[in-house]
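# Tertiary structure, described
Letter by letter, the chains look like this.
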Amino acid sequence: MSIEPQAAPAATLPGPSPSLKAEVDTVASAPVVRPAEPARTGSTGGSLAKPAVSTPPAPAKLAASPLPAAPPVKTQPPAPLVVKPAVSPPLDLKSLETRLKETKAIGVFTKLTLKNQIDDLLERLRAFYQGRIKTSLVELRRSFDMLVMKTLALLQDADPPLAGALASSRESIWGLLSDPAKFATI
């Protein structure tokens, strides 16, 4: 004697309203759209299906159907790793001068040109503090910034550590140059 499992009685759901049934029949008669090959995403390994033909927008009344729709699954991409470069302590003028002389990133003639431009800027700052020239500190700052940017452009590819040290020291160097009392000690 064998015992066969009995199937549970099927639950009956209430039928759709006549107006909803008419809309479903209208949508069912729309052209069949076949999904394209699933595309793989990089890190999650999930797939996304893209339709080969665009589908017409669903009627607004279908959104109010009595059957609840499953909530969409939201996946967030992993947060990108932020790598902070090691920040070197600000350079003083003497160590900057020494490192610029020793770097192989700048040729001899370019080093001479930079030295002349630095000396010219320092002389203009002395004249400003002594009242010998009628220029503003803003104009001198602009000259300083242009000289720093030019030097960074020369260093960035061939000597990145020195370029980073110069970039991080920019404000502290300007702090020395823009303060008459500190500038007098240079």
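Scroll up to find the structure this text is about.
Residues numbered from 1 in each chain as written. Predicted model: local features only at pLDDT ≥ 70, side-chain atom pairs only at ≥ 80, totals over all residues. Heavy atoms only, no water.

### Examining the environment of Leu177
Structurally, Leu177 can be placed in helix 5 (residues 160–178). Between the C-alpha atoms of Leu177 and Leu121, which are 56 residues apart in sequence, the distance is 9.9 Å. Sequence-distant contacts of Leu177, that is, excluding residues within four places in its chain, are made with Leu93, Leu122, Leu125, Tyr129, Phe144, Phe183 and Ile186. (Helix = DSSP H or I, 4+ residues; strand = E, 2+ residues; numbered from the N terminus. Contact = heavy atoms within 4.5 Å.)

### Brief notes about helix 4 (residues 137–155)
Look at helix 4: 27 Å from first C-alpha to last across 19 residues, which is about the 27 Å you get at 1.5 Å a residue. In the core, the buried residues of helix 4 are packed alongside helix 2 (93–102), helix 3 (108–130) and helix 5. (Expected span 1.5 Å × (residues − 1).)

### Quick look at the pattern of salt bridges
Pairing between side chains of opposite charge can happen when the charged atoms of each approach one another. Evaluation of the coordinates by the stated rule reveals seven salt bridges. Notably, a salt bridge pairs Lys101 with Glu97, separated by 3.6 Å at the nearest N-O pair. Taken together, the residues span about one helical turn, with Lys101 and Glu97 both in helix 2 at a distance of four residues. For Lys101, a relative accessible area of 56% gives the class exposed. Residue Glu123 is joined to Arg126 by a salt bridge in which the shortest nitrogen-to-oxygen separation is 3.6 Å. Taken together, the residues Glu123 and Arg126, both in helix 3 and three residues apart, mark about one turn of the helix. (Salt bridge = Lys/Arg side-chain N within 4 Å of Asp/Glu carboxyl O. Buried < 20%, exposed > 50% of the residue type's maximum accessible area, 1.4 Å probe, protein only.)

### Concerning the packing of helix 4 against helix 5
Two elements in contact, helix 4 and helix 5, have axes whose closest approach is 10 Å; the angle formed by their N-to-C orientations is 170°. Between helix 4 and helix 5, the crossing angle belongs to the class labelled roughly antiparallel. At the point where helix 4 passes helix 5, the crossing takes the right-handed sense. Along its contact with helix 4, which presents Leu137, Leu140, Arg141, Phe144, Asp145, Val148, Met149, Thr151, Leu152 and Leu155, the element helix 5 presents Pro160, Leu162, Ala163, Leu166, Ala167, Arg170, Glu171, Ile173, Trp174, Leu177 and Ser178. Residue composition of the contact of helix 4 with helix 5, by class: 15 nonpolar, two polar and four charged. (Axes fitted to C-alpha atoms, helices over the stretch in contact; angles between N-to-C directions. Parallel < 35°, antiparallel > 145°, perpendicular 65-115°, else oblique. Left-handed = near helix turned anticlockwise from the far one by under 90°. Nonpolar A, V, L, I, M, F, W, Y, C, P; charged D, E, K, R; others polar.)

### Observations concerning the nonpolar core
Counting 20 residues, the largest nonpolar core has Phe144, Leu155, Leu166 and Leu177 as its most contacted members. Elements with a minimum of two residues in this core: helix 2, helix 3, helix 4 and helix 5. (Core = buried A, V, L, I, M, F, W, Y, C linked by side-chain atoms within 4.5 Å.)

### Digging into the environment of Ile133
The residue Ile133 is located in the loop between helix 3 and helix 4 in this model. Take Ile133: its relative accessible area is 30%, and that puts it in the partly exposed class. Excluding residues that lie within four positions of it along the chain, Ile133 makes contacts with Arg124, Ala127 and Phe128.

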